[in-house]
Amino acid sequence: MDLLMTAAAFFAAILVLVAIHEAGHFYVAKWCGVKVLRFSVGFGPTLLRRRGRDGVEYVLAALPLGGYVKMLDEREGNVDPSERHLAFNRQPLRQRVAIVAAGPLANFILAVLMFAAAYGVGVPGMAPVLDKAPVGSVAASASIEAQDQVLRVNGSEIHGWSGLRLGLLSAAVDGSTTQLSLRRADGSLVETTVEALPQDLLQDEGDWLPGLGFNAWMPEVEPVIGAL
């Protein structure tokens, strides 16, 4: 079932990407006065076919790994003299370039909008709740206690462990004192300072936070059996 869901999500994503890409070609071609004959999403056998009021043949094919926009073009067949001004090959160079570039540009705009939507909605993540710092560690200099949640690093709001890593790394690169805003287990707010962070954090392989004493707090869960 997981494999089927993954495959379905993959083909759905490809279908959207192809449709947006071809829509870029399609709308810019019409805007430039080129006659569009067919708008196809996918290759291979036709699954759905419909002719719109604009005279364009809209096609959904079986293999959604590509698509195409077929335009009137004298290089691909005979064109009625009355429609030659609508042919792609008769358009000025700047318009032909715009039509060709519109597909990739549409996908670029889609990526920007999707990233903006994802960051606007938010993504699941584990809150930066710390365990008690080991004695002698960098985190111990800030008197980190169990269940302390990091709210801000040097005034910048933190929402997850990735944000904590970035905040500490920025402070290490700048060589500045690291100010942490914490919420204790009892709900009280605390401001504390971390001693100078090593500037060679990027040279460490893997997760370097535990080496500084910043460990995730894990609640103790009793091994209670729910059902057999």
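From a predicted model like this one, the values you see are computed outputs, not experimental measurements. (Residues numbered from 1 in each chain as written. Predicted model: local features only at pLDDT ≥ 70, side-chain atom pairs only at ≥ 80, totals over all residues. Heavy atoms only, no water.)

A few words on the nonpolar core. Side chains of a nonpolar character, in soluble globular proteins, are inclined to be buried together. Counting 23 residues, the largest nonpolar core has Ile144, Val150, Leu164, Leu168, Leu180, Leu197 and Phe214 as the members making the most contacts within it. Taken together, the elements giving at least two residues each to this core come down to β4 (148–153), α3 (161–174), β6 (178–183) and α4 (209–212). The element best represented in this core is α3, accounting for six residues. Ile14, Val18, Phe26 and Val41 belong to the second largest nonpolar core, which has 15 residues in total. (Core = buried A, V, L, I, M, F, W, Y, C linked by side-chain atoms within 4.5 Å. Buried < 20%, exposed > 50% of the residue type's maximum accessible area, 1.4 Å probe, protein only. Helix = DSSP H or I, 4+ residues; strand = E, 2+ residues; numbered from the N terminus.)

We now examine a nonpolar patch on the surface. On the surface, Leu105, Phe108, Ile109, Val112 and Leu113 cluster together to form a nonpolar patch covering roughly 500 Å² of accessible area. Inspection of the secondary structure assignment puts Ile109 in helix α2 (residues 93–121). Classification of Ile109 by relative accessible area gives partly exposed; the value is 43%. (Patch = residues over 30% accessible without salt bridge, like charges linked within 9 Å, V, L, I, M, F, W, Y side chains within 5 Å. Areas by Shrake-Rupley, 256 points an atom, 1.4 Å probe, with all protein chains shown as cover. Salt bridge = Lys/Arg side-chain N within 4 Å of Asp/Glu carboxyl O.)

What follows covers the pairing of β4. Relative to β4, strand β3 (residues 129–130) is paired through two bridges, and the arrangement is antiparallel. Pairing of Val129 across the sheet is with Gln149, part of β4. Pairing between β4 and strand β5 (residues 156–157): two bridges, direction antiparallel. Within β5, the position partnered with Val153 by the bridge is Ser156. Counted along the chain from β4 to the antiparallel partner β5, the turn is two residues long, and its residue Asn154 has a positive phi close to 50 degrees. (Pairing = 2+ DSSP bridges.)

For the rest of this paragraph, the subject is helix α1 (residues 2–31). The end-to-end C-alpha distance of α1, which contains 30 residues, comes to 43 Å, matching closely the 44 Å that a straight helix rising 1.5 Å per residue would cover. For α1, the set of buried residues is Ile14, Val18, Glu22, Ala23, Gly24, His25, Phe26 and Ala29. Two residues or fewer after α1 comes Gly33, characterised by a positive phi angle close to 85 degrees. (Expected span 1.5 Å × (residues − 1).)

When pLDDT is low, close inspection of the predicted coordinates is not appropriate. Of all residues in the protein, 96% have pLDDT values of 70 or greater, and the mean over the chain is 88. Within the protein, the element-level pLDDT minimum falls on α4, averaging 82, and the maximum on α2, averaging 93. (pLDDT = per-residue confidence, 0-100.)

Turning our attention to the environment of Leu63. Turning to its location among the elements, Leu63 is positioned in strand β2 (residues 57–71). On the basis of relative accessibility, which here comes to 47%, the residue Leu63 falls in the partly exposed class. Among all residues touching Leu63, those that are not within four sequence positions of it are Gly42 and Phe43. (Contact = heavy atoms within 4.5 Å.)

This brings us to α2. Given a rise of 1.5 Å per residue, 29 residues ought to cover 42 Å, and the 42 Å separating the end C-alpha atoms of α2 matches this to within 8%. Along its length, α2 reaches its greatest deviation from straightness, about 40 degrees, at Ala102, and the proline Pro104 lies no more than four positions downstream. Here the buried face of α2 lies against α1 and β2. Just downstream of α2, Gly122 is the residue with a positive phi angle, here 100 degrees. (Bend = angle between axes of the 7 residues up to and from the residue.)

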